[in-house]
Amino acid sequence: MSSSTTVRTARRRTLRVAAAALVAVAGLTLTACSGSDAGGAKSAGPAGAGTAVESSGTGSSTGAQGSNAQANTKADVKTDTKADVKTDAKTDAKTGTKTGAMGEQSGSAHAGSGGTAASPVRTQRLADGISKAEIYQLGDQHYRAKIVARGSVLATLETKGHDDGLDANDMFITLTLDGQVHSWMGGGHQGPGTFTLAGGWTAKVTKIGELRYRAQIIGHDGVAATLETNQHDTGLNANGIYIVLSTGGVISAHA
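The structure presented is a predicted model; accordingly, all values stated were derived computationally and were not measured.

J.: Please explain the overall build of the protein chain as it appears in this structure.
T.: Helix and strand counts for the protein chain stand at one helix and 15 strands. Counting all 255 residues of the protein chain, 24% fall into the buried class. Long-range contacts, defined here as pairs at least 24 residues apart, represent 33% of the contacts in the protein chain between residues at least 6 apart. Carbon and sulfur atoms provide 55% of the accessible area of the protein chain, an area that totals close to 15,900 Å².

This is how it looks when you write it as structure tokens:
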């Protein structure tokens, strides 16, 4: 074999080895790329699924927690509101009941001291022979007289810092500051006008308004007292002379 043949043969072998090496490298590269792609696809797939599941799980957990928190909040609000309402209702009911009871006791005490006494201090027959006066003491110089006939209360007189009087169908009644009741029949004078009364008194009666009359009680030294009706009759003890002036302007006196 010649030297040139040997050289060509060696070159061919070198080329073949190089080609084989290139093929091997290409195959490895393709395999590596395929593996990488497959790995990437596989890793991307599970990773994506894992992320989705994890995200879904987190969302569900968060949603559940939010729902639970909302439910708990509603339950707490309802429970607290009901408890507060019940507590407030009970408190208000108890407070209202106690306050009402105290108000009733206070009202009863007030009625007892300044209202109607439990029983009259005495009962007195009046001038008409039918009616009677039930006299109650409400305080110092404070008396009330109920005029009763056949079981019915016809009228009430009360002293509040002054005497009181009544014209009960031409029966005149006075109640004085010391709780004395005096009654008589007739003897009235229709005002306005000037009239001579029992005991030497003179009464000058004037009309000052609807159902309002004024009577000046005049003695030797001038005007000694003044009676004035204000929607109700009035009376006076003038040194033992009892005088009544009615809302109709009728004046009467009795010793």
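Now that the structure is up, let's keep going.
J.: Quick question: what am I supposed to make of the sheet that holds strand E13 (residues 234-238) here?
T.: Sheets are built from strands paired through backbone hydrogen bonds, the pairs being either parallel or antiparallel. Taken together, the four strands give an open sheet; going across it, the order is E8-E15-E14-E13, and neighbouring strands pair in antiparallel fashion. Since the sheet does not close on itself, it has two edges, and those belong to strand E8 (189-190) and E13, each with one partner.

J.: What should I look at first to understand the pattern of salt bridges in this one?
T.: Pairs may arise between side chains of opposite charge once their charged atoms sit close together. One pass over the full model with this rule turns up three salt bridges. Close ionic contact of Arg212 with Glu228 constitutes a salt bridge, the shortest N to O distance being 2.6 Å. Taken as a pair, Arg212 in strand E11 (residues 212-219) and Glu228 in strand E12 (residues 222-228) lie far apart in primary sequence, 16 residues in all. The exposure class of Arg212 is partly exposed, given its relative accessible area of 28%. If you follow the salt bridges from partner to partner, you end up with Arg212, Arg214 and Glu228 in one network.

J.: Explanation requested: the sheet that holds E11 in the structure shown.
T.: Taken in spatial order, the four strands make up an open sheet running E9-E10-E11-E12, and their pairing is antiparallel. The open sheet terminates on both sides in strands that have one partner only, identified here as strand E9 (193-196) and E12. With direction set aside, neighbouring strand axes in the sheet form an average angle of 25°. Sheet analysis places strand E10 (residues 202-209) next to E11, joined by seven bridges and oriented antiparallel. If you follow Thr202 over to E11, its bridge partner there is Ile218.

J.: What is the right way to look at the confidence of the model for the protein chain in this model?
T.: In low-pLDDT regions, the fine details of the predicted coordinates are not to be read closely. Counting all residues, the mean pLDDT for the protein chain is 71, and 54% of those residues have values of 70 or more. In the model, residues 1-7 has pLDDT below 50 throughout and makes one contact with residues more than four positions away in sequence or in other chains.

J.: Just checking my understanding: could you explain the nonpolar core for this structure?
T.: Note on soluble globular proteins: their nonpolar side chains tend to be buried together. Grouped together as the largest cluster of nonpolar side chains are 16 residues, with contacts concentrated most on Leu197, Val205, Ala215, Ile217, Ile243, Leu245 and Ile251. Every element with two or more residues in this core is listed here: E10, E11, E13, strand E14 (241-245) and strand E15 (250-254). Sequence-distant contacts of Leu197, that is, excluding residues within four places in its chain, are made with His189, Ala203, Ile217, Ile243, Ile251 and Ala253. Listed in part, the 12 residues of the second largest apolar core include Ala145, Leu157, Leu175 and Val181.

J.: Would you take a moment to explain the packing of aromatic side chains for this structure?
T.: Pairs of aromatic rings are described using the distance from one ring centre to the other and the angle between the two planes. This structure, assessed with the given rule, holds one aromatic pair. Taking 5.9 Å as the distance between ring centres and 20° as the angle between the ring planes, the aromatic pair formed by Phe172 and Trp184 counts as stacked. Linking Phe172 in strand E6 (residues 171-175) with Trp184 in strand E7 (residues 181-185), this pair joins segments that are 12 residues apart in sequence.

J.: How should the side chain of Ser246 be read in this particular structure?
T.: Positionally, Ser246 belongs in the loop between E14 and E15. What Ser246 contacts, discounting residues up to four positions off in sequence, is Asp167, Tyr213, Thr229 and Asp233.

J.: Would you explain the pairing of E6 in this entry?
T.: Every other side chain in a regular strand lies on the same face of the sheet, so the side chains alternate between the two faces. Where burial is concerned, most of E6 is hidden: five out of the five residues are buried. Of the two faces of E6, both are covered, the one formed by Met171, Ile173 and Leu175 as well as the one formed by Phe172 and Thr174. Bridge count for strand E5 (residues 164-168) against E6 is five bridges, and the pairing is antiparallel. Looking at the pairing, Leu166 lines up with Ile173 of E6. Where E5 folds back on E6, the antiparallel hairpin that results is connected by two residues, among which Asn169 adopts a positive phi of roughly 55°. In the sheet, E6 pairs with E7 via five bridges, with the strands oriented antiparallel. Across the sheet, Thr174 pairs through a bridge with His182, a residue of E7. What sits between the antiparallel neighbours E6 and E7 is a turn of five residues, in which Gly179 has the positive phi angle 85°.

J.: Would you explain unusual backbone geometry in this entry?
T.: Following Gly191, the chain continues to Pro192 via a peptide bond in cis, the omega torsion being 0°. By the element assignment, Pro192 lies in the loop between E8 and E9. In this structure, Asn169 is a non-glycine residue whose phi angle is positive, near 55°. Residues other than glycine seldom take positive phi values, yet Asn239 does so here, at roughly 55°. The residue Asn239 is located in the loop between E13 and E14 in this model.

Definitions and cut-offs
- Residues numbered from 1 in each chain as written.
- Predicted model: local features only at pLDDT ≥ 70, side-chain atom pairs only at ≥ 80, totals over all residues.
- Heavy atoms only, no water.
- Helix = DSSP H or I, 4+ residues; strand = E, 2+ residues; numbered from the N terminus.
- Buried < 20%, exposed > 50% of the residue type's maximum accessible area, 1.4 Å probe, protein only.
- Contact = heavy atoms within 4.5 Å.
- Areas by Shrake-Rupley, 256 points an atom, 1.4 Å probe, with all protein chains shown as cover.
- Pairing = 2+ DSSP bridges.
- Salt bridge = Lys/Arg side-chain N within 4 Å of Asp/Glu carboxyl O.
- Axes fitted to C-alpha atoms, helices over the stretch in contact; angles between N-to-C directions.
- pLDDT = per-residue confidence, 0-100.
- Core = buried A, V, L, I, M, F, W, Y, C linked by side-chain atoms within 4.5 Å.
- Phe/Tyr/Trp six-rings, centres within 6.5 Å; stacked < 30°, edge-to-face > 60°.

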